Amino acid sequence: MTSLQARHWRSAADALALLRQQAVVTRPQLGRRLGLESGPTSDLVKRVARAGLICERPAPTGGRGRPTTTVHAHPSGPLALVVDLRHGDWRLGTCALDGEVNVLAVESHDGTQPGAVVARIRSRLRSAARRVGDRLIGVGVAVPGPTVEDRFANVTMLGWRDLDLGRLSIPELPLVVANDATMAAVAEARLHTPQPRSLLHLVVEIGIGGALVIDGRPVASARGVHGEFGHLPLGPYDETCPCGARGCWTIPFDPPHIARRTGLRLRPDPRTQLHRLFTDECPSEAARGVRQELATSLGRGTAGLVNALDPDLVTLGGLAFELRAAVPDGFDDAVRSGLMDVHRHPGPRIVEARSGDDAPLVGAGLSVLDRVVDAAMLAEWAAKRATA
Ligand SMILES: [Zn+2]
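Note that the structure is predicted; figures quoted are calculated from it, not measured.

A. The arrangement of the coordination of the zinc ion in detail. Around the zinc ion, the protein supplies H231 (ND1), C241 (SG), C243 (SG) and C248 (SG) as donor atoms, at distances of 1.9 to 2.4 Å. Of note is the zinc ion, whose 4 donor atoms meet at the metal with angles of 104 to 113° in an arrangement that counts as tetrahedral. The sequence pattern describing where the donors of the zinc ion fall on their chain is H-x9-C-x1-C-x4-C. In this pair, H231 sits in the loop between β13 (217–218) and α6 (255–262) while C241 sits in the loop between β13 and α6, placing the two residues 10 residues apart along the sequence.

Here is the structure:
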């Protein structure tokens, strides 16, 4: 490779990094971010498009400006396979260079046989890998619990410990295994313009999770077990959490705990049950009381995290925003009274998350791409395409 070619592929890698950091990228934005005039930007886009990596679409016209294009992944470009393993089901899909996810399969499980669940995912993953062929560049897996060394997952609410997900790797390709709330935070950060320098993404699902994302990436940590906010000691100290610690914040959010307190029977799909509890317009007195307590607890914890982390933006994902909306005064009062003076004027920006159900799949895909896509990989891809 000549030094000019090397420079071209470095610019291409920078352009693709921008497609991962920002959900919508126009051609002029791309040029500005790379410090290029419009001529060289146009050359770059054409070159990367010829290599089958990106394509352009007309941008929606929003006024009198000159018509432009938005930049997307090429329809036959590289793909990551992504899995989102959840408490009651799992989903498998592809993720393209621009973070666009296409869901290929959804299957439910009852949480009792982790080995069988992994075997089933592996089988579907292998057949998807055969279909994707040499476009496949890696596998990303999001799991609802702490993960270690891109391989082991702990889904404490299901009692799954040190579940080995190494079997989901495809030979010679990287495997990224990460916490689903962290992956959702990565997907969330790219939906805000300008992108917040530091984003605190808080998620209520079956338990509380989240992540602090700096410049679009989760903060680094020693063992990759970062963002377990639900296991801060903000809960009842006389109770032990399935994680092994006492007094975790997440304990009162646990569906069996809520079922006991509200007198409701625990259903096979606890997420739907929580959703109903948070959105019920005529809750029982007990349900209203639990809702009030949880919203207050969520507000206190949010304030504590703002005090500790001082983020530019806080987003509430999963069922967290529903809970806030159910008891807005309770949540807001708890945030206000929990904040240090220095954070009160102006108060923190706390908004509903924009990313939807696919967020963990998107984040898992972007994390694989972050690891794999560089100038050398792109040059190799283009050379292979040229000789095909
Ligand atoms: Zn815990």
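B. Spatial organisation of the pattern of salt bridges. Summed over all chains, the structure comprises 18 salt bridges. With a closest N to O distance of 2.7 Å, D164 and R151 form a salt bridge. Residue D164 is located in strand β9 (residues 160–164), and its partner R151 is located in the loop between β7 (147–148) and β8 (152–155); the two are separated by 13 residues in the primary sequence. Ionic pairing is found between D215 and R197, a salt bridge with its closest N-O pair at 3.2 Å.

C. Geometry of the pairing of strand β11 (residues 198–205). In terms of burial, β11 is largely enclosed, as 7 of its 8 residues are buried. In terms of strand pairing, β11 meets strand β12 (residues 207–214) through 8 bridges, oriented antiparallel. Paired with S198 across the bridge in β12 is I214. Across 6 bridges, β11 lies against strand β14 (residues 313–318) in parallel orientation. Residue pairing in the sheet places L200 in a bridge with V314 of β14.

D. View of helix α4 (residues 114–132). With 19 residues, α4 extends 26 Å from end C-alpha to end C-alpha; this agrees with the ideal 27 Å at 1.5 Å per step. Those residues of α4 not exposed but buried are V117, V118, I121, L125, A128, A129 and V132. Take α4 and look down its axis: the buried residues cluster within an arc of 105°, on one side only. Projecting away from the buried face of α4 at angles above 90 degrees are the exposed residues R130 and R131. Those residues of α4 that are buried lie in contact with β3 (79–85), β4 (89–96), β5 (101–108), β6 (136–143) and β9. Just beyond α4, the residue with positive phi is G133, at close to 65°.

E. Expanded view of the sheet that holds β8. Strand order in the open sheet formed by 3 strands is β7-β8-β9, with antiparallel pairing between adjacent strands. The open sheet has two edge strands with one neighbour each: β7 and β9. Both β7 and β8 contribute to a ladder of 2 bridges, which runs antiparallel. Residue V148 lies in a different strand from β8, and its bridge partner there is F152.

F. Quick look at the packing of helix α1 (residues 3–21) against helix α2 (residues 27–34). Across the interface, α1 lies against α2 with an axial gap of 10 Å and an inter-helix angle of 120°. Between α1 and α2, the angle is such that the two are oblique. Crossing angle aside, the handedness with which α1 passes α2 is right-handed. Every residue of α2 that contacts α1 at S11, D14, A15, L18 and Q21 is listed here: Q29, L30, R33 and L34. Considered class by class, the residues forming the contact of α1 with α2 number 4 nonpolar, 3 polar and 2 charged.

Thresholds, definitions, all that
- Residues numbered from 1 in each chain as written.
- Predicted model: local features only at pLDDT ≥ 70, side-chain atom pairs only at ≥ 80, totals over all residues.
- Heavy atoms only, no water.
- Donors = N, O, S within 2.8 Å, 3.2 Å for Na, K, Ca; no water.
- Tetrahedral: all angles 85-135°; square planar, octahedral: opposite > 155°, others 65-115°.
- Helix = DSSP H or I, 4+ residues; strand = E, 2+ residues; numbered from the N terminus.
- Salt bridge = Lys/Arg side-chain N within 4 Å of Asp/Glu carboxyl O.
- Buried < 20%, exposed > 50% of the residue type's maximum accessible area, 1.4 Å probe, protein only.
- Pairing = 2+ DSSP bridges.
- Expected span 1.5 Å × (residues − 1).
- Arc of directions from axis to C-beta.
- Contact = heavy atoms within 4.5 Å.
- Axes fitted to C-alpha atoms, helices over the stretch in contact; angles between N-to-C directions.
- Parallel < 35°, antiparallel > 145°, perpendicular 65-115°, else oblique.
- Left-handed = near helix turned anticlockwise from the far one by under 90°.
- Nonpolar A, V, L, I, M, F, W, Y, C, P; charged D, E, K, R; others polar.

As far as function goes, none of this settles anything; it's purely spatial.
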